[in-house]
Amino acid sequence: GAGVSQSPSNKVTEKGKDVELRCDPISGHTALYWYRQSLGQGLEFLIYFQGNSAPDKSGLPSDRFSAERTGGSVSTLTIQRTQQEDSAVYLCASSPFTDTQYFGPGTRLTVL
Amino acid sequence: AQKVTQAQTEISVVEKEDVTLDCVYETRDTTYYLFWYKQPPSGELVFLIRRNSFDEQNEISGRYSWNFQKSTSSFNFTITASQVVDSAVYFCALRVSGSRLTFGEGTQLTVNP
């Protein structure tokens, strides 16, 4: 079956602009996660959605970052007023409840 | 707090050599899960294996094997008869309560022909 998909695959933006990154999880997976992978910080957890429960936002680095998940499926990660330190690969993963997480191909964000 | 340490930043081997990637974890939880993921040059993280804290049986899958030892808090990964296609970054990860994964820094494996 189809895996996790993310769009766009690459995004180049100017400092100060807002960006939206999209994730389509594997059909039937109730849990969805966002991680960030950057050279200096490795793989960092950002946010976790599970069904209708309140999301775990404890990994979001600042209030410029937000995410939503509509209809228990697609998720959008929004970064407002982007900064150069936001440049990274943003990875989305999904899992059946709290089981093994399967990752998408990522979105490479470059902030100029 | 949880922590995963992969002390080997880079390993380079010649094809057909065996190679072991080390992973040491820290957690105070008694129930936890350990994972290995492979990240080839294409960038996507590929799931390889999951073990839970109550199952210390070693596992073999083809050329891959995993050695889980709670006494040393280690979950090492061995590739037997390595191949060029094994070249990738390998991540060890830990999950306790809640669902976030805590990743190690990764080991870059290069298999030369």
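Scroll up to find the structure.
Residues numbered from 1 in each chain as written. Chains lettered and ligands numbered in written order. Predicted model: local features only at pLDDT ≥ 70, side-chain atom pairs only at ≥ 80, totals over all residues. Heavy atoms only, no water.

**Q** Looking at this model, I keep getting lost on the pattern of salt bridges. Mind explaining?
**A** Where side chains of opposite charge bring their charged atoms close, a pairing between them can arise. For the coordinates displayed, the defined rule picks out eight salt bridges over all chains. Where aspartate 56 of chain A meets arginine 100 of chain B, a salt bridge forms, and the shortest distance between an N and an O atom there is 3.5 Å. Separated into two different chains, aspartate 56 of chain A in the loop between strand S5 (42–50) and strand S6 (65–69) and arginine 100 of chain B in the loop between strand S10 (88–95) and strand S11 (102–103) make up a pair that spans both. According to the relative accessible area criterion, aspartate 56 of chain A is partly exposed, its value standing at 27%. A salt bridge links arginine 50 of chain B to aspartate 99 of chain A, with the nearest nitrogen and oxygen atoms 2.7 Å apart. (Salt bridge = Lys/Arg side-chain N within 4 Å of Asp/Glu carboxyl O. Helix = DSSP H or I, 4+ residues; strand = E, 2+ residues; numbered from the N terminus. Buried < 20%, exposed > 50% of the residue type's maximum accessible area, 1.4 Å probe, protein only.)

**Q** Even after reading the chapter, I still don't get the state of the cysteines, so can you show me in this structure?
**A** By definition, a disulfide is the covalent link that joins the sulfur atoms of two cysteine residues. Applying the stated criterion across every chain, the model contains two disulfides over all chains. The residue that forms a disulfide with cysteine 23 of chain A is cysteine 92 of chain A, at a sulfur-sulfur distance of 1.8 Å. Residues cysteine 23 of chain A and cysteine 92 of chain A share a disulfide whose torsion about the S-S bond is about -65 degrees; that sign makes it left-handed. One end of the pair, cysteine 23 of chain A, is in strand S3 (residues 19–24); the other, cysteine 92 of chain A, is in strand S8 (residues 88–95), with 69 residues separating them in the sequence. Here cysteine 23 of chain B is linked by a disulfide to cysteine 92 of chain B, with a sulfur-sulfur distance of 2.0 Å. Here the disulfide of cysteine 23 of chain B and cysteine 92 of chain B is left-handed, its torsion about the S-S bond being about -65 degrees. With cysteine 23 of chain B in the loop between strand S3 (19–21) and strand S4 (24–26) and cysteine 92 of chain B in strand S10, the pair connects residues that are 69 residues apart, well separated along the chain. (Disulfide = S-S within 2.5 Å.)

**Q** Teacher, can you tell me more about unusual backbone geometry here?
**A** A negative phi holds for most residues other than glycine; trans holds for most peptide bonds. Residue proline 8 of chain A follows serine 7 of chain A across a cis peptide bond; omega there is -10 degrees. In the Ramachandran plot, lysine 16 of chain B falls in the positive-phi region, its phi being about 85 degrees despite a non-glycine side chain. Mapped onto the elements, lysine 16 of chain B comes out in the loop between strand S2 (10–14) and S3. Residue class for lysine 16 of chain B comes out exposed when judged on its relative accessible area of 71%.

**Q** For this particular structure, what's the right way to read the sheet that holds strand S1 (residues 5–7) of chain A?
**A** What holds strands together in a sheet is hydrogen bonding between their backbones, with the strands either parallel or antiparallel. Residue and element names in this part refer to chain A. Within the open sheet, the four strands sit side by side as S1-S3-S7-S6. Their pairing is antiparallel. Among the strands making up the open sheet, the edge pair consists of S1 and S6. Looking at each pair of strands side by side, their axes are set apart by 15 degrees on average, direction ignored. One ladder, built from five bridges, connects S3 with strand S7 (residues 75–79); its direction is antiparallel. Counted as the bridge partner of leucine 21 is leucine 77 from S7. (Pairing = 2+ DSSP bridges. Axes fitted to C-alpha atoms, helices over the stretch in contact; angles between N-to-C directions.)

**Q** Sorry, what's going on with the nonpolar core here?
**A** One recurring pattern in soluble globular proteins: nonpolar side chains tend to sit buried together. The biggest cluster of nonpolar side chains holds 24 residues, and the ones touching the most others in it are Trp36, Phe75, Phe77, Tyr90 and Leu109 of chain B. When residues of this core are traced back to their parent elements, those giving at least two are S2, S3, strand S5 (33–39), strand S8 (64–69), strand S9 (74–79), S10 and strand S12 (107–112) of chain B. Looking at this core element by element, the count peaks at four residues for S10 of chain B. Once you skip the residues sitting within four places of it in the chain, phenylalanine 77 of chain B turns out to touch Val19, Thr20, Leu21, Trp36, Leu48, Tyr64, Ser65, Trp66 and Tyr90 of chain B. Judged by nonpolar contacts, the second largest core, of 20 residues, contains Leu32, Trp34, Leu60 and Ile79 of chain A. (Core = buried A, V, L, I, M, F, W, Y, C linked by side-chain atoms within 4.5 Å. Contact = heavy atoms within 4.5 Å.)

**Q** Please clarify how the environment of tryptophan 36 of chain B should be interpreted in this entry.
**A** Residue and element names in this part refer to chain B. Locating tryptophan 36 in the fold gives a position in strand S5. What makes tryptophan 36 buried here is its relative accessible area of 0%. Residues tryptophan 36 and arginine 51, spaced 15 residues apart in sequence, show a C-alpha to C-alpha distance of 9.3 Å.

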